[in-house]
Amino acid sequence: MFDIRAIRENPEAFRAAWNRKKPELGNVVDDIHAHDAALRTAVTDKQEAEKLRNETSKLIGRAKASGDEAEFERLRKIVADAKDTIEAAGEQEEAARKLLDDLLYGLPNIPLAEVPEGQDEDSNVEQARWGEPKAYDFEVKDHADLGEALGMMDFETAAKMSGARFVLLKGKLARLERALAAFMLDVQTEEHGYTECSPPLLVKDHALVGTGQLPKFAEDLFEAGHDVDGQLRRVDSIGSAEIIIAARQEGGSRKWLIPTAEVPLTNIVRETIIEPGELPKRFTAHTPCFRSEAGSAGRDTKGMIRLHQFNKVEMVSVVANEEEGLAELERMTECAEAILKKLDLPFRRMLLCAGDMGAGARKTYDLEVWLPSQDTYREISSCSYCGDYQARRMSARYRPETGAKPEFVYTLNGSGLAVGRTLVAILENYQNEDGSITVPEALRGYMGGLKVISA
């Protein structure tokens, strides 16, 4: 969400910024101005008619008391006309507000000036690398072949239950997934100061509107149903205006499976005023994540890279201003990198270009881990600074000092890490010629001292 006054005062700055995200997207500024003008006109007409009605109503009694029937009828006609104007202006106000909200709630955040130009991953800029990819004296296999040969990764059985893009892990690989999540949480809480949370996996419309997934990305989500009188009922269609209205009304809104723990963790500060001295706040959680759109058609259809359901350890930070936010982005990214370093997995840090960032981000770093089977780096974490974009949508504020006027907080989110993709990276980087997998030293305590996973 955006400050409409800022758009009025700096239209060309917003136009240029949105054009960096997507060519010609900035043309929406003209529509925003048109709907904003219509809204303000309707509000003014309504207020003037209400003032006229109220002032004239006071005179009607006097005219009636004095016996001046002509004046009484004249004044009554003015009041009746004013009521008609109020009703018509109210309808125009509601229509203009819906159109304006549809635009503003669906627009992406404004990229920072330091973010590179570009529309896709080809324009992302490598910032640093850590670790050297291992040289193998045998032909490497990909994680799916390794997991299936171990008898511990089963896509066929998962497909019978749930369809494509699901996996059933068994035995030591299931334990390895559990070990990874526990290890990541321990590092982020004990070494990096995040507060561990166990949040709900079902959230209402307003929670997803607050973090920016709704209304624009409804097709990427799994909708569970509609909450009516405590019963969850399926709803088959939904419009963006309907979502925004539901977001303002806590009762009776839809339930959605979370696409990431970013949603419930960020909404912890929804509609709150944080008192002085309580920032920054840092939260982390390990949750399943559910995404209806699991990736581009024809890409990563095999294996665990893109699934409809996957596990992730998420980090969320809430800070006071942009200076703190940018410093926190560096810190958060280093917290994610620490996991890869402890697991001795080679990776690189990428600064995303304007067009490749998520809709809510102002600046994003992606961490990409080395996958030997693909002879390339693949994303395993994304850490984003969102500014006050989410805070405005959630009405999340803080007081700079006691008694001061509340200001919007600034939010960040990042993966610390995607558990499934980390498991993939371990299988591939720690594979042995006989198909067994060496357990990284950092995880052996979580695996009961196991050193090698064998069939």
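Preceding this section is the structure that the text describes.
Rules used in this analysis
The numbering scheme is per chain: residues are counted from 1 as the chain's sequence reads. The predicted origin of the model limits local features to residues at a pLDDT of at least 70 and limits the giving and counting of side-chain atom pairs to 80 or more, whereas totals for whole chains, interfaces and linings rest on all residues. Calculated side-chain values reflect all of the structure's heavy atoms, with hydrogen atoms and water omitted. Helical segments are the DSSP runs of H or I of at least four residues, strand segments are the runs of E of at least two, and each set is numbered from the N terminus. Accessibility here uses a 1.4 Å probe with only protein chains present; expressed as a share of the type maximum, an area under 20% marks a residue as buried, one over 50% as exposed, and anything in between as partly exposed. We call two residues contacting when some pair of their heavy atoms lies within 4.5 Å. Only four residue types enter the tally: Lys and Arg on the positive side, Asp and Glu on the negative side, with His and both chain ends excluded. One atom stands in for each charge, and that atom is NZ of Lys, CZ of Arg, CG of Asp or CD of Glu. We define a nonpolar core as any set of buried Ala, Val, Leu, Ile, Met, Phe, Trp, Tyr and Cys residues linked to one another through side-chain atoms lying within 4.5 Å. In protein, a polar contact means a hydrogen-donor-capable atom and an acceptor-capable atom, both N or O and within 3.5 Å, with residues adjacent in sequence counting only if both atoms are side-chain atoms; elsewhere, any N or O pair within 3.5 Å suffices. Strands are treated as partners if at least two bridges between them are detected by DSSP. In this description, a line fitted to the C-alpha atoms serves as the axis of each element, helices being fitted only across the stretch in contact, and the angle between N-to-C directions of two axes falls anywhere from 0 to 180 degrees.

## Details of the overall build of the protein
A count of helical and extended segments in the protein gives 14 helices and 19 strands. Seen through its principal axes, the protein has C-alpha atoms that stretch 105 × 45 × 45 Å. Every one of the 455 residues in the protein was classed for burial, and the buried ones make up 50%. The contacts in the protein between residues at least 6 apart in sequence include a share of 73% that link residues at least 24 apart. Between the mean site of the 59 positive side-chain charges and the mean site of the 78 negative ones, the protein shows a separation of 3 Å.

## Let's talk about the nonpolar core
Nonpolar side chains in soluble globular proteins generally cluster together in the buried interior. With 61 residues, the main nonpolar core has Leu176, Leu180, Ile426 and Ile453 as its most contacted residues. With near-sequence residues (within four places) excluded, leucine 180 lies in contact with Leu343, Val419, Thr422, Leu423, Ile426 and Leu443. In this structure, Ala96, Ala207, Ala218 and Val263 belong to the second largest nonpolar core, which totals 28 residues.

## Focus: the side chain of arginine 15
Of note, arginine 15 is situated in helix H2 (residues 11–21). A polar contact of 3.1 Å, which involves the side chain of arginine 15, links it to the side chain of glutamate 12.

## Considerations on the environment of leucine 168
Among the structural elements, leucine 168 can be located in strand S3 (residues 168–169). The partly exposed category is assigned to leucine 168, whose relative accessible area is 27%. Residue contacts for leucine 168: discarding those within four places in its chain leaves Met152, Met153, Asp154, Thr157 and Ala158.

## Quick notes on the pairing of strand S14 (residues 376–387)
Each regular strand shows side chains that alternate between the opposite faces of the sheet. Within S14, nine of the twelve residues are buried, which leaves the element mostly enclosed by the surrounding structure. Sheet topology places strand S13 (residues 363–371) next to S14; nine bridges connect them, and they run antiparallel. Following the sheet pairing, tyrosine 365 is matched in S14 by cysteine 383. If you look at the hairpin formed by S13 and S14, you'll find four residues sitting between the two strands, and aspartate 375 has a positive phi there, around 55°. Pairing geometry for S14 and strand S17 (residues 410–418), over four bridges, is antiparallel. When the sheet's bridge partners are listed, cysteine 383 is paired in S17 with glycine 414.

## Things to note about the sheet that holds strand S9 (residues 273–274)
In space, the three strands of this open sheet follow the order S9-S15-S16, with mixed pairing throughout. The open sheet terminates on both sides in strands that have one partner only, identified here as S9 and strand S16 (407–408). In the sheet, strand S15 (residues 397–398) pairs with S16 via two bridges, with the strands oriented antiparallel. Counterpart to arginine 397 in the pairing with S16 is phenylalanine 408.

## Structural notes on the sheet that holds strand S11 (residues 309–319)
In space, the eight strands of this open sheet follow the order S1-S12-S13-S14-S17-S11-S10-S4, with mixed pairing throughout. Either end of the sheet is taken by a strand with one partner, and the two such strands are strand S1 (125–130) and strand S4 (195–196). Relative to S17, S11 is paired through seven bridges, and the arrangement is antiparallel. Counted as the bridge partner of valine 319 is tyrosine 410 from S17. With respect to the sheet, helix H11 (residues 322–342) is in contact with S1, strand S10 (281–290), S11, strand S12 (347–351), S13, S14 and S17, its orientation differing from that of S17 by roughly 5°. On top of the sheet, helix H13 (residues 419–429) reaches S10, S11, S13, S14 and S17; it is set at about 35° to S17, its chief contact.

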